[in-house]
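# Structural overview
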2 protein chains.
Amino acid sequence: MKQSKLFTRTLKEEPKDEVSFNARVLIRAGFIDKLAAGIYTLLPLGLKVHQKICQIIREEMTAIGGQEILMPALIPKENWEATGRWENFDALFKLGSAELKQYALGATHEEVVTPTVGKYILSYKDLSLAVFQIQTKFRDEKRAKGGLIRGREFSMKDLYSFHPDEETLSQYYKIVQKAYFKIWQRLGLLDITYLTYAAGGAFSKYSHEFQTVAESGEDTIFICEACKLAINREIIDECSACPNCHNTELVEKRAIEVGNIFKLGTRFSSAFGLKYLDAAGEEKEVVMGCYGIGPSRLLGTIAEVSHDAKGIIWPEAVAPFRVHLLSLKEDEETEKIYKDLLAAGIDTLYDDRAEAQAGEKFTDADLIGCPYRVVVSAKSLREGGVEVKQRAGHNLEIVKISRLVEFLNRQ
Amino acid sequence: MKQSKLFTRTLKEEPKDEVSFNARVLIRAGFIDKLAAGIYTLLPLGLKVHQKICQIIREEMTAIGGQEILMPALIPKENWEATGRWENFDALFKLGSAELKQYALGATHEEVVTPTVGKYILSYKDLSLAVFQIQTKFRDEKRAKGGLIRGREFSMKDLYSFHPDEETLSQYYKIVQKAYFKIWQRLGLLDITYLTYAAGGAFSKYSHEFQTVAESGEDTIFICEACKLAINREIIDECSACPNCHNTELVEKRAIEVGNIFKLGTRFSSAFGLKYLDAAGEEKEVVMGCYGIGPSRLLGTIAEVSHDAKGIIWPEAVAPFRVHLLSLKEDEETEKIYKDLLAAGIDTLYDDRAEAQAGEKFTDADLIGCPYRVVVSAKSLREGGVEVKQRAGHNLEIVKISRLVEFLNRQ
């Protein structure tokens, strides 16, 4: 895309009404815009990253048999009453209609998925099964100062699994854990993301979170580096050693919860009377699990953990563009290179702005954070090509124009 | 996909609480599920069709320079007050928060897009520009009996354009009209969809709708077949002849509004103080247009206009699968064919259900409505291949297994 056509632009200064780093840098770089506290618009660059994050999650959920659906956000009061959460879930946004019906906006979807999928579960032959959606969620957060980390409106991938018994749930639960690690790997977060034991709530002793180490994180975790496991502070009193190796020399760090997985047991199937006939013809309750990841939160998390003083450093898999191509008054030559890159399928942001100075173009490239910066200048042409620099590195390299596509494809 | 793995199944009977055909057939065929009046879940088959519709729309909007963004559904009261619509837009779902902030759920997004995009419009050099989103909308509809045609929660593609003057708006307005016709063509709706003059509201004398002829349509239009134009009944008293050829022999038909385009003029830019500096350095108001299409409504519309007594007949571009492959107790042979089809990139639903009888498989194939039904049976194998039938036709054809991929690719 030509940058002169992109309707957003970077801002000279950071917004003054944001305390979180992710919101400040993403607004300044033109990825998001703030509508109200905890409520953001995804601008073209931000939406591209968000779509790439969603697609990675979608692929990994499909790979473990998840079937994608899309549930509504408007959920009738009756559904919440069936589980007792109309009164007890304090972050629900509730609303009425002209016809005096009452709804709450979906903050989570057990109250919809259980009766909906339940219609298709009759016998043990229909189990196990898993469905997921990528959808907008709403929570009436009291504090909404975390930018994309804690929004009032945010995106969520929620997978729900249905099983004949605890054992098959436990097996699938481990399969989801593995899929989640694949996702962190593809997002470039694997090294700093820990499977973390946390409070289980009503359904099991512990639940599991995935926590990404970040100074700005809301959570505190205690890490066993040897086992790549962690314990959330909320349970450290009852569980003060690594659950695997029993090591008590744990390292305390701040972290952002990027995913969580719960064994729901029969909590929701019981509330909605979701039963099945087993092989012997006996009626049994379906056993459920639920598994969340927040794509918009991940967008904010990557900005928090992958940046330097100049701006964001996007991992290649989710970068808005792979290449940021800068023309320093060499538009004719650069236009040709731009066409070659597009023809080779290399997604490129081409800074063709006539009025922008070289310094402004360099500053923008660092702030926006595409993995490769390719500069076409009189100097680079004299030296025989274009100047290539990785956003994450420091080396400048002159690459012949005729070899540029090959060079990038080899990386 | 193997049908035995699909968690949904077709229903023997139509749901009794639905009056609209589209909801009845889509629920029975397993494409959607009803959560409450006007509120539906998209099940795997329905979501696939919906994603294909969205992708066609996205491609055509991108082709005319639309930049995709994603705006929030929670819109603060102040934004609606700026345009006077907090009180005057009677289908708004309003809600409060624990912190006593008030919001309305987005029924339309002029109140967000104008101030958001406005931040990036300073001078005439920034104009014209167009942005769009594909997003969930909410309207507190009094009657919600139209299935996907009139929902309380539904998907919408809304494009907004920003211009320096009326003339450039008018030029872009025509470009969008053309893009809309391309969309109707790709969706198989071109022949029965009419550019229709309708009441313009406060901003211009007439607006334009796109109306698809359907017996169940909520609207009545008067068609000039020669000019492929129509007039909505709401303005027939003041505009009783074809606006193009002045023919008064118009044909009255029922229709579904599948798209609309409005010249907003300065209605919203004025409310939000959205101005720009022209080439002479004078401050002027930005002129806007808005352009809607409802993907979920289109899903319902296609079901309404493209079906027979046995079920839905999906146009190829949006069908959940291109091929429905039926094994009549020839699983070994069919499994091989299934793999060949997948390897050739032909999206296939494989009815591998061991317990289902031949009649049930045929009934399901007609109800679900994939463009090609391919049957593998002892009889077809004796005749030298598989039996291919188009959902929209009546001919049965025996095609050699070795030639099946080529046969389908030639269609």
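Along each chain, numbering runs from 1 in the same order as the chain's sequence is written. All chains are assigned letters beginning with A, and all ligands numbers beginning with 1, in the order in which they are written. In view of the model being predicted, local features appear only for residues whose pLDDT reaches at least 70, and side-chain atom pairs are presented and counted only at 80 or more, with totals across whole chains, interfaces and linings using the full set of residues.

### A few points about the interface of chain B and chain A
Worth spelling out the cut-off: Placing a C-beta atom from the backbone of each residue, one calls two residues in contact when those atoms lie within 7 Å. Runs of H or I in DSSP of at least four residues are treated as helices and runs of E of at least two as strands, each being numbered from the N terminus. Just so you know the grouping, Ala, Val, Leu, Ile, Met, Phe, Trp, Tyr, Cys and Pro go in nonpolar, Asp, Glu, Lys and Arg go in charged, and all remaining residues, Gly too, go in polar.
Across the contact, 40 residues belong to chain B and 40 residues belong to chain A. Looking at the side of chain B that touches chain A, the elements that each hand over two or more residues are β1 (32-36), β2 (39-42), α2 (44-63), β3 (66-68), β4 (74-76), β5 (94-96), α5 (110-118) and β7 (129-138) of chain B. Here the residues of the side of chain B that touches chain A sort into 25 nonpolar, six polar and nine charged.

### Considerations on the packing of helix α1 (residues 21-28) of chain A against helix α8 (residues 295-305) of chain A
When two helices pack together, you describe them by how their axes are tilted relative to each other and by the distance separating the axes. Residues and elements named next belong to chain A. Under the convention used in this document: Helix axes are fitted to C-alpha atoms over the stretch in contact, other axes to C-alpha atoms as well, and angles between N-to-C directions run from 0 to 180 degrees. Note that the term roughly parallel is reserved for angles under 35 degrees, roughly antiparallel for angles over 145, roughly perpendicular for angles of 65 to 115, and oblique for everything else.
Where α1 contacts α8, the two axes come as close as 9 Å, and the packing angle between them is 95°. The angle between α1 and α8 places the two elements in the roughly perpendicular class. On the side of α1, the interface is formed by F21, N22, V25 and L26, while α8 contributes G300, A303 and E304. Within the contact of α1 with α8, the residues separate by chemical class into four nonpolar, two polar and one charged.

### Digging into the sheet that holds strand β22 (residues 386-390) of chain B
All names here are of chain B. Here is the rule we go by: If DSSP finds at least two bridges between two strands, the strands pair.
Taking strand neighbours across the sheet as the criterion, the five strands line up as β20-β19-β21-β22-β23 in an open arrangement whose pairing is mixed. Both outer strands of the open sheet, β20 (348-351) and β23 (396-399), are each paired with one neighbouring strand and no more. Across the sheet, the axes of successive neighbouring strands diverge by a mean angle of 25°, strand direction being ignored. Here four bridges tie strand β21 (residues 372-376) to β22, and the two strands are oriented antiparallel to one another. Looking at β22, one finds that V375 is bridged to E387. Against the sheet, helix α9 (residues 331-343) touches β19 (323-327), β20, β21 and β22, its axis set at about 165° to β19. Along the sheet face, helix α10 (residues 358-368) touches β19, β20 and β21 and points at about 175° away from the line of β19.

### Notes on the relation of the copies chain B and chain A
Our working definition: When the copies are overlaid, the least-squares fit takes in C-alpha atoms only where the residue has pLDDT of at least 70 in both copies.
Each copy superposes on the other: chain B lies on chain A with an RMSD of 0.0 Å after a rotation of 180° and an axial shift of 0.0 Å. The two molecules are tied by a two-fold rotation axis, judged by turn and shift. Minimal C-alpha separation from the rotation axis in chain B is found for L95 of chain B, amounting to 2.6 Å. When the interface residues of chain B are mapped onto chain A, 100% of them are again interface residues, pointing to one common binding face.

### Here's the deal with α5 of chain B
Quick reminder of the rule: Neighbour density around each residue's C-beta defines its exposure: 20 or more other C-beta atoms within 10 Å make it buried, 12 or fewer make it exposed, and counts between make it partly exposed, where C-beta atoms are placed from the backbone.
Counting buried positions over the nine residues of α5 of chain B gives seven, a clear majority of the element. Those residues of α5 of chain B lying buried are E110, E111, V112, V113, T114, T116 and V117 of chain B.

### Details of the packing of α2 of chain B against helix α6 (residues 166-186) of chain B
All names here are of chain B. To keep it simple, the criterion reads: Note: crossing handedness is left-handed where the near helix turns anticlockwise from the far helix by less than a right angle, and right-handed where it turns clockwise.
Put simply, α2 and α6 touch, their axes get as near as 10 Å, and they point 155° apart. The pairing of α2 with α6 is recorded here as roughly antiparallel in orientation. As α2 packs across α6, the resulting crossing turns out to be right-handed. Contact with α2, carried on its side by I56, I57, E60, M61 and A63, involves A179, K182, I183 and R186 of α6 and no other residues of that element. Among the residues forming the contact of α2 with α6, the class breakdown is six nonpolar, no polar and three charged.

### Thoughts on the domain arrangement of chain A
Short version of the rule: Annotation comment: domain bounds sourced from an automatic or database domain assignment.
Structurally, chain A comprises domain 1 (21-308) and domain 2 (321-410). Domain 1 of chain A and domain 2 of chain A are separated by 39 Å when their C-alpha centres are compared.

### Re the pairing of strand β20 (residues 348-351) of chain A
It is a general feature of regular strands that their side chains alternate between the two faces of the sheet. Residues and elements named next belong to chain A. Here β20 shows no split at all, with T348 and Y350 on one side and L349 and D351 on the other all buried. With four bridges joining them, strand β19 (residues 323-327) and β20 adopt parallel strand pairing. Note on β20: the bridge partner recorded for L326 is D351.

### As for unusual backbone geometry
With an omega of -5°, the peptide bond running from L127 of chain A to S128 of chain A counts as cis. Within the secondary structure layout, S128 of chain A lies in the loop between α5 (110-118) and β7 (129-138). Unlike most non-glycine residues, L100 of chain B shows phi in positive territory, near 65°. With respect to the helices and strands, L100 of chain B occurs in the loop between β5 and β6 (102-105). Judged by C-beta crowding, with 6 C-beta atoms within 10 Å, L100 of chain B ranks as exposed. You will see that K228 of chain B, though not glycine, has its phi angle at about 55°, which is positive. Turning to its location among the elements, K228 of chain B is positioned in the loop between β11 (219-224) and β12 (229-232). Since 15 C-beta atoms lie within 10 Å of it, K228 of chain B is described here as partly exposed.

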